[in-house]
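# Reading the structure
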Amino acid sequence: MSDEWKVSYRDLRDWLEMVQEVGELKIVKGATWQEDIGMATEMLHQVEGSPAVLFDEISDYPAGYRVLVNALRSEKRLGITAGLPKDLNKLDLSMALSKKFKKCKPIPPQYVDNGPILENVHLDDEINLLEFPSPIWHEHDGGRYIGTGSYDITRDPDNGWVNLGTYRVMVHDEKHVGFYISPGKHGRMHRDKYFARKEPCPLAIVVGGDPLLFWAGCTELPYELCEYDWAGGVRGEPYKVIKGQITGLPIPVDAEIVLEGFAYYDDLKTEGPFGEWTGYYGSGFHQEPRVEIKAVYHRNNPIILACPPNCPPDEQAFFRAIIRSPLLKEQMETAGIPDVKAVWCHEVGGSRLLTAVAIKQRYPGHAMQAGHVASQCHIGAYCGRYVVVVDDDVDVSNLEELMWAMCTRSDPATSIDIIHRAWSTPLDPRISPEDKDKGRLWNSRAIIDATKPYDWKDDFPVVNIPSPERKKKTMEKFGYLLK
Ligand SMILES: Cc1cc2nc3c(=O)[nH]c(=O)nc-3n(C[C@H](O)[C@H](O)[C@H](O)COP(=O)(O)O)c2cc1C
């Protein structure tokens, strides 16, 4: 990877300039937070390569209070975000990310005293969360969500590990928000520790800022690895942070809006319903901890970075497939699986529910081993459903090719292993209401071995697909027929 491919923007504003330069930013004025922004976002999310859109002059709000949507819905914008070439397709981008991650060493953040986030600081009576144009994102949402392209900063009370995790944030009133974290997520482990001791859980919610930090916040990075350190490594320099006045948590100086406060174990309020990444309102509404906001920081003319989930394949499915696929491959390799040739966490399953793995078969049982590990290592474990393992002649990122291989090389009676009681979530639409009520938040997984059976793979019928040489010759001779 050449040194010229560095993350060359400092904050969201530089990033917007770069995106404008490549012609992928549109500005919309006069939209309503009640309906228009959510409607436009639903439409944009369904179209790969659609532009980033910055809403300004939003109904009821002063000009300059903006909402940015669809930020990461193109390869070009992801390339800018990660400091990679802007002309890669999703597969090449995913591979380039993998190469870059392998080279990067974590760099911890650097504490400073000042920065743009301190342009406006509101404490106590000055706090009014309704000052920001948080949209209603979907038709049946239970309220306004300020935190979607955001992340929550928490600290482990035992060892000081700081975690950044994207967990949705709903505005309750001028001074309170609600947030939802699925069991097993790192921020949830932190929160549970405070609550078990009947202590308030400090948190800082970053509502807009560097898209790379957001991307890190919504990616399953390893336990006890701080996302600041990881993203600092990808940038090649430390993030600059200030110490939050209320919680002491590290806050990025270039963020747009930060809410700082405490969640209490005994202060709950109805959160949701909220349209979720599965394409359903899976978790409905329930009692979740309310966060009392004690300080609000924001830049002049702040921008909410927003990424509400929509029915997949949406924006988050797109950019998560690109990052989660190489990370899953790496975890499989670390677990000792040889010859994993390619992995794709399919967009149609929100990058979780359908995972495809291509291997070069080396020994009997290799395929099932690969499938089980893919379904249970950290990146692949949460709310998965189907893992399909194929031979390396199949392009796993091509859904039709994957399904063709599955339909022709697997035998339902003998090729499918089922894992029971695996890690799932209240969001899972296939867990019954009764089980959800009782906290039985697990699901099953199908590991489908769609490789040619190892013991007679050399006798498997030859594929009826033209060879690359023949395809090339055909294009030269008859390609004009397709024009
Ligand atoms: C746009 C978006 C919204 C998300 N919202 C939530 C959420 O509300 N609750 C949750 O538990 N996970 C949510 N996730 C998934 C987590 O961000 C993701 O699993 C991340 O790895 C969590 O951080 P952690 O690994 O440090 O726990 C969301 C992901 C994205 C991309």
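Nothing here was measured: the structure is a model prediction, and the numbers come from that model.

Our next topic: the site of the ligand. In the neighbourhood of the ligand, 19 residues make up the surrounding shell, with Gly 165, Thr 166, Arg 168, Lys 185 and His 186 lying closest. At the level of secondary structure, the elements contributing two or more residues to the shell around the ligand comprise β8 (162-165), α5 (186-196) and α8 (315-334). Taken together, the residues of the shell around the ligand break down into six nonpolar, nine polar and four charged.

Once that is clear, we can look at the pairing of strand β17 (residues 340-345). Every other side chain in a regular strand lies on the same face of the sheet, so the side chains alternate between the two faces. With five of its six residues buried, β17 lies for the most part within the structure. With five bridges connecting them, β17 and strand β18 (residues 354-359) associate as antiparallel partners. Among the inter-strand pairings, Cys 345 is bridged to a residue of β18, identified as Thr 355.

The omega angle of the peptide bond from Gly 272 to Pro 273 is -5°, so this bond is cis rather than trans. Following the sequence through the fold, Pro 273 ends up in the loop between β14 (257-271) and β15 (286-298). Between Pro 312 and the following residue, Pro 313, the backbone shows a cis peptide bond with an omega angle of 5°. Along the polypeptide, Pro 313 turns up in the loop between β16 (303-305) and α8. Positive phi outside glycine occurs at Glu 57, with the angle close to 50°. Note on placement: Glu 57 falls in the loop between β2 (52-56) and β3 (66-69). Since 16 C-beta atoms lie within 10 Å of it, Glu 57 is described here as partly exposed. Positive phi values are uncommon outside glycine, yet Cys 383 reaches one of about 50°. In this fold, Cys 383 is placed in the loop between α10 (378-381) and β19 (386-391).

The strands making up a sheet associate through hydrogen bonds between their backbones, and the pairing can be parallel or antiparallel. Across the sheet, which stays open at both edges, the four strands sit in the order β1-β2-β3-β16 with mixed pairing between neighbours. Only two strands of the sheet have a single partner each, and these edge strands are β1 (25-29) and β16. On average, each strand axis in the sheet is inclined to that of its neighbour by 20°, with strand direction left out of account. In this structure, β1 lies alongside β2, joined through five bridges in parallel fashion. The residue bridging Leu 25 from the neighbouring strand is Ala 52, located in β2. Sheet contacts for helix α1 (residues 12-21): β1, β2 and β16; angle to β1, the most-contacted strand, approximately 110°.

Within the largest apolar cluster, 119 residues are counted, with the highest numbers of intra-cluster contacts made by Val 258 and Val 357. Considering each element in turn, this core owes the most residues, nine residues, to α8. Leave out the neighbours within four places in its chain, and Val 258 touches Ile 117, Ala 204, Ile 205, Val 206, Val 207, Ile 251 and Tyr 297.

Turning our eyes to something else, we now look at the packing of helix α3 (residues 75-82) against helix α4 (residues 90-103). Packing of α3 against α4 leaves a shortest axis separation of 10 Å and a crossing angle of 10°. On the basis of their axis angle, the class for α3 and α4 is roughly parallel. On the side of α3, the interface is formed by Glu 75, Leu 78, Gly 79 and Ala 82, while α4 contributes Lys 90, Leu 93, Leu 97 and Lys 100.

Quick look at helix α7 (residues 227-235) now. Side chains that are three or four residues apart share a direction in an α-helix, a result of its 3.6 residues per turn. Most of α7 is tucked away: seven of the nine residues are buried. Those residues of α7 not exposed but buried are Glu 227, Tyr 228, Trp 230, Ala 231, Gly 232, Val 234 and Arg 235. Of the surrounding elements, those touching the buried residues of α7 are α3, α4, β8, α6 (211-217) and β13 (250-252). Once α7 ends, the next one or two residues include Gly 236, with phi positive near 85°.

Conventions and cut-offs
Residues numbered from 1 in each chain as written. Predicted model: local features only at pLDDT ≥ 70, side-chain atom pairs only at ≥ 80, totals over all residues. Near = placed C-beta within 6 Å. Helix = DSSP H or I, 4+ residues; strand = E, 2+ residues; numbered from the N terminus. Nonpolar A, V, L, I, M, F, W, Y, C, P; charged D, E, K, R; others polar. Buried ≥ 20, exposed ≤ 12 C-beta atoms within 10 Å, placed from the backbone. Pairing = 2+ DSSP bridges. Axes fitted to C-alpha atoms, helices over the stretch in contact; angles between N-to-C directions. Contact = placed C-beta atoms within 7 Å. Core = buried A, V, L, I, M, F, W, Y, C linked by C-beta atoms within 7 Å. Parallel < 35°, antiparallel > 145°, perpendicular 65-115°, else oblique.

What is shown is where atoms sit, not what they do.
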